[in-house]
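# Examining the three-dimensional arrangement
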Amino acid sequence: MTAPTVTTAPSRVVNDRATDREVEDLVRAHLPLVGHLVRELASRLPAHVNREDLVSAGMAALAAAAKGYDPDRGTPFGSFATVRIRGALLDELRGLDWASRSVRSRARRIETAQQQLTAALGRAATPAELAEALGVAVDEIKSVDEDVQRAVVLSLQGFAAGTAEDLVPERAAGPEDLLVHREKVGYLHNAIAALPDRLRRVVEAYFFEELPMADIAAEFNVTESRVSQLRAEALVLLRDGLNAHLEPDLVATPERPGGCVARRREAYYAEINAQGTLHSRLAYTDHSGMPLSRTA
């Protein structure tokens, strides 16, 4: 992605000698840079991230950069401001990451308790037993599980999971990188569409419609535990289905290569491929990699 062309900056702006007007002109001339850097992140950010907050952080960093810029150092203002703005975006994303760290910490605590109870009881602990061991309500156990599972939306939407630092690229993505990203998003849509009806409905209801587990269980007339099993099965299929076309070396070898399960999986992989072409997969995103709204 090529950075936008910006107006040539005033020839002389030094931190302690710049007038307010010179700083204002420098900021105004480079306003497109903030929008460009925020858009550069957009294809890798989850939907809940408020883009306006990122823009505000970037604008504040641009203003600070204009006030502190010293042309005598020989660094173009665009490069100087880019470093400052990316740093501000990184700080903003770090702030958003505290909640996810908290969720991961609680999830690890629950997982440890589950393992201990399983070893002690010789069977999987019930939610009530797990809640009692942790000294929390059963609803809190369910809430943490849902928070953790919804984090998978990052993968489902083609985002890279990781720390805030991972979300801020060191350089703009090139045309080839962007094309690969757009194709991956298209393959994801194809993989979801190719899922068996029951699994597809669970994915759509849970991740896209964000229905509570209890509502999905009522729709299927099954227990919430069964819905959780279906969700896990769907995610494994999606992962292997995408890898089959994008990273074949990562696809696990079936225990029985010629068995019924292996044949069903091969059929699923073939159905993903039959769902579309390169052109149709790219049609799920615009030229900058942003998702396009699609009607049924």
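Structure report, in brief. Keep in mind that what you see is a predicted model, and the values were worked out from it rather than measured. (Residues numbered from 1 in each chain as written. Predicted model: local features only at pLDDT ≥ 70, side-chain atom pairs only at ≥ 80, totals over all residues. Heavy atoms only, no water.)

## Some points on the overall build of the protein chain
Counted only if it meets this: Here a helix means four or more residues in a row that DSSP labels H or I, a strand means two or more in a row labelled E, and each is numbered from the N terminus. In this description, contact between two residues means that some pair of their heavy atoms is separated by no more than 4.5 Å. Only the protein chains shown count as cover for residues, and the accessible areas themselves come from Shrake-Rupley with a 1.4 Å probe.
Along the backbone of the protein chain there are 14 helices and 0 strands. Counting from the amino terminus, the protein chain carries its helices and strands in the arrangement α-α-α-α-α-α-α-α-α-α-α-α-α-α. Restricting the contact set of the protein chain to residue pairs at least 6 apart, pairs at least 24 apart contribute 68%. Carbon and sulfur atoms form 52% of the exposed surface of the protein chain, whose accessible area is close to 17,300 Å².

## Thoughts on the side chain of Thr-285
The line we're drawing: Each residue is placed in one exposure class: buried if its accessible area under a 1.4 Å probe, protein chains only, is under 20% of its type's maximum, exposed if it is over 50%, and partly exposed if it falls in between.
Note that Thr-285 resides in the segment after helix H14 (278-282). A relative accessible area of 2% places Thr-285 in the buried class. With sequence-adjacent residues up to four places away left out, Thr-285 is seen in contact with Arg-182, Val-185, Met-290, Pro-291 and Leu-292.

## Things to note about the nonpolar core
As a rule of thumb, nonpolar side chains are buried together in soluble globular proteins. Stated formally: Put simply, a nonpolar core is a bunch of buried Ala, Val, Leu, Ile, Met, Phe, Trp, Tyr and Cys residues held in one set by side-chain atoms that sit within 4.5 Å of each other.
Leu-195, Val-203, Leu-238 and Tyr-268 are the most contacted members of the largest nonpolar core, which has 26 residues in total. Looking at this core, the elements that each hand over two or more residues are helix H9 (175-194), helix H10 (197-208), helix H11 (213-220), helix H12 (224-246) and helix H13 (260-274). Beyond its immediate chain neighbours, meaning those up to four positions away, Leu-195 contacts Arg-200, Val-203, Ala-234, Leu-237, Leu-238 and Tyr-268. Within the second largest apolar cluster, 21 residues are counted, among which are Leu-26, Leu-62, Ala-65 and Ala-81.

## Some details on the environment of Ala-113
Within the secondary structure layout, Ala-113 lies in helix H4 (residues 77-121). Between the C-alpha atom of Ala-113 and that of Ala-125, which follows or precedes it by 12 residues, the distance is 9.3 Å. Here Ala-113 is in contact with Leu-130 and Leu-134, once residues within four sequence places are set aside.

## Remarks on the packing of aromatic side chains
Any two aromatic rings considered together are summarised by their centre-to-centre distance and by the angle between their planes. Spelled out, the test is: Two rings from Phe, Tyr or Trp (for Trp, the six-membered ring) form a pair when their centres are within 6.5 Å of each other. A pair whose planes differ by under 30 degrees is stacked, one over 60 is edge-to-face, and the rest are tilted. To sit over a ring, a charge needs its Lys NZ or Arg CZ within 6 Å of the ring centre and within 35 degrees of the ring normal.
For the coordinates displayed, the defined rule picks out 5 aromatic pairs. Each ring, one from Tyr-69 and one from Phe-77, has its centre 5.1 Å from the other, and the planes form 75°; the classification is edge-to-face. Here Tyr-69 and Phe-77 have matching classes, each one buried. With a centroid separation of 6.2 Å and an interplanar angle of 55°, the aromatic rings of Tyr-268 and Tyr-269 are classed as tilted. Here the aromatic residues Tyr-69, Phe-77 and Phe-80 are joined through ring pairs into a cluster of three or more. Over the ring of Tyr-206 we find Arg-231; its NZ or CZ atom is 4.9 Å from the centre of that ring. The ring of Tyr-187 has Arg-281 lying over it, and the distance from NZ or CZ to the ring centre is 4.0 Å.

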